[in-house]
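Architecture and fold: a report
Below, each chain spelled out in residue letters.
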Amino acid sequence: MKADKTVPVQKNEKHTVKIEDLTHEGMGVAKIKGYPLFIEDALPGEEMEVKIHKTGKSFGYAKSMNRLTSSQNRVEIKDANFTRAGITPLQHMHYPAQLAFKKEQVKKVIKRIAKLPDVKIFDTIGMAEPWGYRNKAQVPVRKVGEKLMTGFFRRNSHDLIPMEDFYIQDPKIDEAILKVRDIMRTYNVKPYNEKENTGNLRHIIVRRGYYTGEMMIVLVTRTAKLFPVSKIIPDILEALPEVVSIVQNVNPTRTNTILGEDAIVLHGEDKYTDTLLGKTYEISHRSFYQVNPTQTEKLYNVVLDYAALTGEETVIDAYSGIGTITLSLADKAKHVYGIESVEPAVENAKANAALNHVDNVTFEAGLAEEVMVEWSKEGRKADLLVVDPPRKGLEGQFIDAVLEMKPTKMIYVSCNPATLARDLALLAEGGYTVEKIQPVDLFPQTNHVESVTLLTLKD
Ligand code: SAH
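Just so it is clear, the structure is predicted and the values come from calculations on it, not from any experiment.

1. Details of the sheet that holds strand S7 (residues 120-121)
The strand order S7-S22-S23-S21-S20-S17-S18-S19 describes an open sheet built from eight strands, whose pairing is mixed. Unpaired on one side and paired on the other, S7 and strand S19 (361-365) mark the two borders of the sheet. Where strand S20 (residues 384-387) lies against strand S21 (residues 409-414), four bridges are found, and the strand directions are parallel. Across the sheet, the residue bridging to Val 387 is Tyr 412, located in S21. Across the sheet, helix H9 (residues 396-405) touches strand S17 (314-318), S20, S21 and strand S22 (432-440), and the angle it forms with S20 is around 165 degrees.

Next up, the structure:
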C-alpha cells in the first residue's frame, strides 16, 4: 500500500485509540482524524494502545499492543494463532455477542445494499456448545524444520503454523489428522514443497459422519504415486477403526485449489454416509456437505417452516448438492427438482433418493443459471423455488429466469449477506416481497453468516 499525504498516521507509530465498530470480518475499527484503522482481537468500547502496521489510502491496519479497558463481551481466547490463521476470528467474543454481531451484519446490508430497511430479521439461531462442531477438516501438510507437519496457513500466506488442536473441529477429526500424520512420518512420505514443486503429500482431509461416526480420509498428493501404499492403508485402518473410505486425490497443479481432477480409491468406495433429519446420505470426496450437522438441521427446519408445503407443490431446489434439502422437502411436496453442477454430487443425490425410498424427486446435472433459463423458456412453473448458492450468490441470468418463471414463493439460503442483499434488491424490483430473514449460526467463532430468507410474489 502506498502512503498518501492525507493519511494521518505512519507505519510503526503508536497511538491510543477507542474501538468504535466491527468490520464484517470481525476486526475492530478505530478512527484517527476520520481515518479508519482495522485491528484484530479488538471489541467495540475497548481502549487500547496500538502500533500502526500498514497504511493505505483510505484505511490502515494496526496491532493491539496493550489493552487499557476490556469489553464485557470479551472472553478468554483459546489460542492467538487461530485468529492469526483466520480460523476463529471471533474467538475473543462472548458467544451471545457473536450471534448479535451476525444479525447486525444481515441488518446492515439489507438496509444499505438491498435498501429494504423494514424487513423483519430475527435473532440468530445459535448453538448450545459452539465448539468442536466441524465434520470436515482439510489440513495442509508441509515440511517444518526436518519434519512433516500438519497445521494451518497464516492468513494471506502459505506459511504453515503447526497445530494439533483445532477446537472447532470434531475432536475425533483432530485425533485422526495426527494419527495419519504419524503414519506418513513413519513411512517417510515427503511433504509437498510449493516453491520447488517437489515432495508429494499436500493435504490431509478428514470427514466424519456426526450421527454414523463413519470416517473418510482423503490424501491429496502431487503425483499418483504414494509409497508404500500397501502399508499405509492397513496402518490407517488399524489406527482409525471408523474409517470406511480412503481416497487419494491427485493434484499436480500449482494452485490454491485443494482437490485435483483425478482420484484413486485406496479403501472402500469413494463415499461415506451420515444422516440428517432422519434420512441417510452418501457423500463422495468431491461433494459439498454442510460442515455443522446439528445447526444444518435447524437451518433446514427453518426452510421447511417457510416452505409450508401441503403436498400439492412443484418445487425446484437449485444448488442442491447431494440432495439434502431436496429430500427433506420431498416428503411434503408433489415433486422436487434438484439442480447441481458437480457430477459426483448429483450421483450421490440420485443414490440418496433411492436409499431413502423417495421417488418424487428428479436431479438435473448442470449450471443452475443455464438450467433455469431453459426451464423458464419451456414454460415450466414452480410453486416454490429454493436456492442455496455459493458465496458469489446468484448469476444475473438466474435472476432473469426466476422473474420470467415467477415461482409463487422463494426461499433463499445464503452464506454471504452481501451477495444476498444484492440479489434481494433485484428480486424485490422484479416483483417479490422480502418477508423475513432468519440468520442461523453454522460457523461459530468465525465471521461467516448464514441465513434463510422468505420471498413471496406480489399478485
Ligand atoms: N443445498 C445443499 C448444497 C449447498 S452448497 C446443501 O445444503 O448441502 C452449494 C452447492 O451448489 C454445491 O453443491 C455446489 O457444487 C453447487 N454449485 C455451485 N455453483 C453452481 C452452479 N452454477 N450451478 C449449480 N450448482 C452449483
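2. Structural notes on the UniProt feature "binding site: S-adenosyl-L-methionine" (unreviewed entry) in the protein chain
Under the UniProt annotation, "binding site: S-adenosyl-L-methionine" (unreviewed entry) lies at Gln 290, Tyr 319, Glu 340 and Asp 388. In this fold, Tyr 319 is placed in the loop between S17 and helix H6 (324-330). For Tyr 319, a relative accessible area of 17% translates into the label buried. Inspection of the secondary structure puts Asp 388 in the loop between S20 and H9. Judged by relative accessible area, Asp 388 falls into the buried class, the value being 14%. Residues within four places of Asp 388 in sequence aside, it is in contact with Gln 290, Ala 318, Tyr 319, Ile 325, Val 413 and Glu 450.

3. So, the sheet that holds strand S10 (residues 160-162)
Spatial strand order, S10-S9-S8-S11-S12-S13-S14: seven strands in an open sheet with mixed pairing. Of all the strands in the sheet, the pair left with one neighbour each is S10 and strand S14 (262-267). Averaged over all pairs of adjacent strands, the angle between strand axes in this sheet comes to 35 degrees, irrespective of strand direction. The pairing of strand S8 (residues 136-144) with strand S9 (residues 147-153) spans four bridges and is antiparallel. In the sheet register, Val 141 faces S9, and the bridge partner there is Thr 150. Its contacts with the sheet put helix H3 (residues 171-186) on S8, S9, strand S11 (201-208) and strand S12 (215-221), and the angle it makes with S11 is roughly 145 degrees. Its contacts with the sheet put helix H4 (residues 229-239) on S12, strand S13 (243-250) and S14, and the angle it makes with S13 is roughly 145 degrees.

4. Comments concerning a positive patch on the surface
There is a patch of like positive charges on the surface, built from Lys 11, Lys 14, Lys 51, Lys 54, Lys 63, Arg 84 and Arg 154. Checked against the element boundaries, Arg 154 lands in the loop between S9 and S10. Arg 154 sits in the partly exposed class, given a relative accessible area of 38%.

5. A word on the nonpolar core
One finds Ile 217, Leu 219, Ile 236, Leu 329 and Ile 411 to be the most contacted residues of the largest nonpolar core, which totals 78 residues. Each of domain 2 (101-128 + 292-457) and domain 3 (136-276) accounts for three or more of the residues forming this core. Beyond its immediate sequence surroundings of up to four residues, Ile 411 is in contact with Val 303, Tyr 306, Ala 307, Leu 384, Leu 385, Val 386, Val 387, Val 452, Thr 453 and Leu 454. Core analysis: the next-biggest nonpolar cluster, separate from the first, contains 36 residues, Ile 110, Tyr 319, Val 371 and Val 434 among them.

6. Some remarks on the site of the ligand
By nearness alone, 17 residues border the ligand, and Tyr 300, Tyr 319, Glu 340, Ala 368 and Asp 388 come closest of all. Side-chain polar atom of Gln 290 to an oxygen atom of the ligand: 3.3 Å apart, as the coordinates give it. A distance of 3.0 Å is found between a nitrogen atom of the ligand and a backbone nitrogen or oxygen belonging to Tyr 319. When the ligand sits alone it has 570 Å² of accessible area, and the protein chains cover 89% of it. Those elements that provide at least two residues to the shell around the ligand are H6 and helix H8 (368-377). Per-class residue counts for the shell around the ligand are eight nonpolar, six polar and three charged.

7. Brief notes about the domain arrangement of the protein chain
Structurally, the protein chain comprises domain 1 (14-74), domain 2 (101-128 + 292-457) and domain 3 (136-276). For the pair domain 1 and domain 2, the summed buried area comes to about 350 Å², and 48% of that belongs to carbon and sulfur atoms. When the buried area of domain 1 at its contact with domain 2 is split by residue, Leu 22, His 24 and Glu 25 rank highest and sum to 78% of it. Across the domain 1-domain 2 interface, the total number found is one salt bridge. Salt-bridge contacts for Lys 108 lead to Asp 21; the nearest nitrogen and oxygen are separated by 3.9 Å. Applying the counting rule to domain 1 against domain 2 returns one residue pair in polar contact (both at pLDDT 80 or more). Grouping the constituent residues of the side of domain 1 that touches domain 2 by class yields one nonpolar, three polar and two charged.

8. Remarks on the environment of Met 93
With respect to the helices, strands and loops of the structure, Met 93 is situated in the loop between helix H1 (80-84) and helix H2 (95-112). The class of Met 93 is buried, set by a relative accessible area of 4%. Linking Met 93 and Asp 41, residues 52 residues apart in sequence, is a C-alpha distance of 8.7 Å. Contacts of Met 93, omitting those with residues within four sequence positions, involve Leu 22, Leu 43, Asn 73, Val 75, Gln 98 and Phe 101.

9. Considering the pattern of salt bridges
Here the structure, examined in full by the defined rule, presents 21 salt bridges. The partner of Lys 102 in a salt bridge is Asp 441, and the shortest N-O contact between them spans 2.8 Å. Of the two residues, Lys 102 sits in helix H2 while Asp 441 sits in the loop between S22 and strand S23 (450-457), which places them 339 residues apart along the sequence. Exposure remark for Lys 102: the relative accessible area of 1% places this residue in the buried category. Ionic pairing is found between Arg 181 and Glu 164, a salt bridge with its closest N-O pair at 2.9 Å. Within this pair, whereas Arg 181 is found in helix H3, its partner Glu 164 is found in the loop between S10 and H3, the two being separated by 17 residues in sequence. Assessed through its relative accessible area of 47%, Glu 164 is described here as partly exposed. If you follow the salt bridges from partner to partner, you end up with Glu 164, Arg 181, Asp 182 and Arg 185 in one network.

10. A word on the layout of surface pockets
Rolling a probe over the atoms, with the probe sized like a water molecule, indicates the empty space that remains. The space that makes up the second largest pocket amounts to roughly 740 Å³. Those elements that place two or more of their residues in the lining of the second largest pocket are strand S4 (35-39), strand S5 (47-55), strand S6 (60-67) and H1. Here the lining of the second largest pocket gets five residues from one element, more than from any other, and that element is S6. Class assignment of the residues belonging to the lining of the second largest pocket gives a composition of eight nonpolar, four polar and nine charged. For the lining of the second largest pocket, the domains that each give at least three residues are domain 1 (14-74) and domain 3 (136-276).

The rules behind these values
Residues numbered from 1 in each chain as written. Predicted model: local features only at pLDDT ≥ 70, side-chain atom pairs only at ≥ 80, totals over all residues. Heavy atoms only, no water. Pairing = 2+ DSSP bridges. Helix = DSSP H or I, 4+ residues; strand = E, 2+ residues; numbered from the N terminus. Contact = heavy atoms within 4.5 Å. Axes fitted to C-alpha atoms, helices over the stretch in contact; angles between N-to-C directions. UniProt positions renumbered as here; feature names shortened; annotations may be inferred. Buried < 20%, exposed > 50% of the residue type's maximum accessible area, 1.4 Å probe, protein only. Patch = residues over 30% accessible without salt bridge, like charges linked within 9 Å, V, L, I, M, F, W, Y side chains within 5 Å. Areas by Shrake-Rupley, 256 points an atom, 1.4 Å probe, with all protein chains shown as cover. Salt bridge = Lys/Arg side-chain N within 4 Å of Asp/Glu carboxyl O. Lys, Arg positive; Asp, Glu negative; His and termini not counted. Charge placed at Lys NZ, Arg CZ, Asp CG, Glu CD. Core = buried A, V, L, I, M, F, W, Y, C linked by side-chain atoms within 4.5 Å. Domains from an automatic or database assignment. Near = heavy atom within 4 Å. Polar contact = N/O pair within 3.5 Å; in protein donor to acceptor, adjacent residues only side chain to side chain. Nonpolar A, V, L, I, M, F, W, Y, C, P; charged D, E, K, R; others polar. Buried area = accessible area lost by both parts, 1.4 Å probe. 1 Å grid on protein atoms, 1.4 Å probe; cavity = no way out; pocket = protein on both sides within 12 Å on 5 of 7 lines; lining within 4 Å. Points joined across faces, edges and corners; volume = space filled by probe spheres on them.

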